[in-house]
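Structural description and commentary
The chain contents come next:
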Amino acid sequence: MIRFEDLLRPTPAGLYCPPGDFYVDPVRPVDRAVITHGHSDHARAGHGAVLATPQTLAIMAERYGEEFALRRQAVTYGETASHNDVDVTLVPAGHVLGSAQAVIQWRGVRMVVSGDYKRRRDPTCALFEPVPCDVFISEATFGLPVFTHPPDAEEIGRLVQSLRQFPERAHLVGAYALGKAQRVIRLLREAGWDRTIYVHGALERLNRLYEREGVDLGPLAPATGLKPNALGGEVVIAPPSATQDRWSRRFADPVLAFASGWMGVRARARQRGVELPLVLSDHADWPELTATFAELKPEEIWITHGREEGLLRWCELHGQKARALRLVGYDDEDEEAAGEVAEPVS
């Protein structure tokens, strides 16, 4: 009788597969790693060998240089690679470009490591694909009932409405460089905003990578070399940290917006001085998390990096066996500390 821990087990370096002798999203350099996506808390440089989607490998090369690992193996969605009789298949996770769930099978046991994921449509990446399994390993970033994210079109509509209401003011949108920035741009295009969008220099290389992968971002221009009080009525997108520094002072009476799932918390918006909070997350919210558990009905659910307690209680109430892995080293990429949950924005 094979125990699930014989196939995958938590270790200080991350989830380890003993029969395959590899780690999934290890937090320190290892000999063999399966990487679910390109965010820096999951994709680190220095491994001996890395298996990931072609897009994730391209993102790692862009961020860390071509020598980020000694060897790399590109596996497309639906393709299976084997090592020591352990099969690894990557399927879409819906998080960012190239993000994947790792489907790991050995001796009749199938375990799915979701990485980070969301269930709603994203115009910049493939939609999450549910895979029946014995064990589903889920993130819990927004694992409390208070986190119910509004429709994306509604949030982008608020940004477009503000642009119409304040045509003399620049609109400075803080968005994480990988995934969120490109998603905000595409959602603006879908909302009919066809004007040039100005971007911070830190976004340019990843924007080009997305476009090489077939994501049309429309006309973009660097937000550099501008005169004071520039870009009234225009959209400027920058990493969240840049919206707080001297670089942001060149714009015309900017409306500070921030695209993050954490903008559903009033205290966080106030703390950052955000005038226009946009609740846009690349992580599953509470309804998406619990709907996924109910849909898959695995024998066990393992919950990691986030608010495990709420989901553990939900599983208990719904007769699903669950445990918290309490892995360390995985942070939310929106540069927000976990913090205490406050009153959500209505």
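This write-up is about the structure you can find in this document. (Residues numbered from 1 in each chain as written. Predicted model: local features only at pLDDT ≥ 70, side-chain atom pairs only at ≥ 80, totals over all residues. Heavy atoms only, no water.)

**Quick look at the pattern of salt bridges**
In the structure shown here, the tally under the stated rule is 23 salt bridges. Where D6 meets R3, a salt bridge forms, and the shortest distance between an N and an O atom there is 3.1 Å. Close ionic contact of D282 with K118 constitutes a salt bridge, the shortest N to O distance being 3.3 Å. Of this pair, D282 sits in the loop between β17 (276–278) and α7 (286–296) while K118 sits in the loop between β10 (109–113) and β11 (135–140), and the two are 164 residues apart along the sequence. Salt bridges sharing common partners tie together K118, R120, D122, D152, R183, D282, D285 and E288. (Salt bridge = Lys/Arg side-chain N within 4 Å of Asp/Glu carboxyl O. Helix = DSSP H or I, 4+ residues; strand = E, 2+ residues; numbered from the N terminus.)

**A look at the packing of aromatic side chains**
According to the stated counting rule, one finds nine aromatic pairs in the structure shown. An aromatic cluster is built from Y117, F128, F136, F293 and W314, whose rings are joined through pairwise contacts. When the ring centre of F166 is taken as reference, the NZ or CZ atom of R169 above it lies at 5.4 Å. One cation-aromatic arrangement involves R268 over W262; the distance from NZ or CZ to the ring centre is 4.0 Å. (Phe/Tyr/Trp six-rings, centres within 6.5 Å; stacked < 30°, edge-to-face > 60°. Lys NZ or Arg CZ within 6 Å of the ring centre and 35° of its normal.)

**Things to note about helix α2 (residues 54–64)**
Along α2, the positions that sit buried rather than exposed are Q55, T56, L57, I59, M60 and A61. If you follow the buried residues of α2, they end up packed against β5 (47–52), β6 (69–74) and α5 (204–212). Of the residues flanking the end of α2, it is G65, one or two places downstream, whose phi is positive at about 95°. (Buried < 20%, exposed > 50% of the residue type's maximum accessible area, 1.4 Å probe, protein only. Contact = heavy atoms within 4.5 Å.)

**Things to note about the environment of T56**
On the secondary structure map, T56 appears in helix α2. When the C-alpha positions of T56 and E168 are compared, they lie 40 Å apart, and in sequence the two are 112 residues distant. Ignoring anything within four residues of it in the chain, the contact list for T56 reads I35, T36, H37, G38, L97, G98 and S99. A polar side-chain atom of T56 sits 3.1 Å from a polar atom in the side chain of T53. (Polar contact = N/O pair within 3.5 Å; in protein donor to acceptor, adjacent residues only side chain to side chain.)

**Overview of unusual backbone geometry**
A positive phi angle is found at N84, which is not glycine, with a value near 55°. For N229, which is not glycine, the phi torsion reads 60° and is therefore positive. Inspection of the secondary structure assignment puts N229 in the loop between β14 (220–222) and β15 (235–238). The exposure class assigned to N229 is exposed, which follows from its relative accessible area of 60%.

**A short note on the nonpolar core**
Among the nonpolar cores identified, the biggest contains 34 residues, and V173, V184, L188, I197, V235, I237 and L278 are the most heavily contacted of them. Contributing elements (two or more residues each) for this core: α3 (152–165), α4 (180–190), β13 (197–199), α5, β15, β16 (255–259) and β17. Take this core: its biggest share by element is five residues, from α4. Look past the residues within four positions of V235 in its chain and what remains in contact with it is L163, H171, V173, L188, W193, I197 and Y198. (Core = buried A, V, L, I, M, F, W, Y, C linked by side-chain atoms within 4.5 Å.)

By themselves, these observations are geometric and do not establish any function.
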